[in-house]
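Chain residues, written in single-letter form:
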Amino acid sequence: TEWIIAHTARPRTTTQGCGGDGPSDVPNNVYGWGIVDALAAVKVSQIDAEVAAYPPEESPPRTLVYTFTFENAYGFSLTHVVLTDVIPASTTFAWASGDYVYAGGVVTWTAASLAGGETLTATLAITVAHLSKGTVVVNDAYGVRADELPAPVIGTPLETVIPWQYVLPIVTRDWPFEGSGDG
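As the structure is a prediction and not an experimental result, all values here were calculated from the model.

Per the secondary structure count, the protein includes two helices and eleven strands. For the protein, contacts bridging at least 24 residues in sequence account for 65% of all contacts bridging at least 6. Total accessible area on the protein stands at roughly 11200 Å², and carbon and sulfur atoms take up 54% of it.

Structure (structure tokens):
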């Protein structure tokens, strides 16, 4: 936590100099790492993910499509950025976006670097057509790591229930309006 707060702070420099600090040194002995940026600290410790059923008009769906987004909210570039996702149990790999490697049930996307403010986005589809209706699919093993991060950023588990298909018959009846006065 301390590392994240220090490295997401808005840098402040000073010409005062203290203890041999230069005018552009960060951290320095006057302002330390700078002004705490709580929003940036929270954003760097998360990876956003969403799931959608595909095709959307079918129930139950044939695949689930996950979109992972990681924004580099640090004030510096990250190098050797690796986004990974373990294929959820009882599902099979269908496809993925961009340049990826699929091996041993794990999909991996890499970026040589990710500048501050840049976003890494990846999409993964898994096959669920063989699963029973009502089955819960849990995707809980995805995250991002980079050389400059002290620990991987782990995603929040995503649970999806394979929906039941409901068919509601249309029932019509001719009402005897003759002589009822309702005309």
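Let us now look at the environment of proline 55. Relative to the assigned elements, proline 55 resides in the loop between strand 1 (48-54) and strand 2 (63-71). Take proline 55: its relative accessible area is 4%, and that puts it in the buried class. For the pair proline 55 and valine 65, spaced ten residues apart in the sequence, the C-alpha separation amounts to 9.6 Å.

Let's shift gears to the packing of aromatic side chains. Evaluated as defined, the whole model comprises five aromatic pairs. Between phenylalanine 68 and tyrosine 142, the aromatic rings sit 5.0 Å apart at their centres with planes inclined by 45°, giving tilted as the arrangement. With a gap of 74 residues between them, phenylalanine 68 in strand 2 and tyrosine 142 in strand 9 (residues 142-145) connect regions that are remote in the sequence. Note on phenylalanine 68: relative accessible area 1%, which makes it buried. The buried category is assigned to tyrosine 142, whose relative accessible area is 3%. Judged by centre distance (5.7 Å) and plane angle (50°), the ring pair of phenylalanine 93 and tyrosine 100 falls under tilted. These aromatic residues form a ring-pair network of at least three members: Tyr66, Phe68, Trp109 and Tyr142. Positioned above the aromatic ring of tyrosine 31, the side-chain terminus of arginine 12 is 4.4 Å from the ring centre.

Cut-offs used in this document
Residues numbered from 1 in each chain as written. Predicted model: local features only at pLDDT ≥ 70, side-chain atom pairs only at ≥ 80, totals over all residues. Heavy atoms only, no water. Helix = DSSP H or I, 4+ residues; strand = E, 2+ residues; numbered from the N terminus. Contact = heavy atoms within 4.5 Å. Areas by Shrake-Rupley, 256 points an atom, 1.4 Å probe, with all protein chains shown as cover. Buried < 20%, exposed > 50% of the residue type's maximum accessible area, 1.4 Å probe, protein only. Phe/Tyr/Trp six-rings, centres within 6.5 Å; stacked < 30°, edge-to-face > 60°. Lys NZ or Arg CZ within 6 Å of the ring centre and 35° of its normal.

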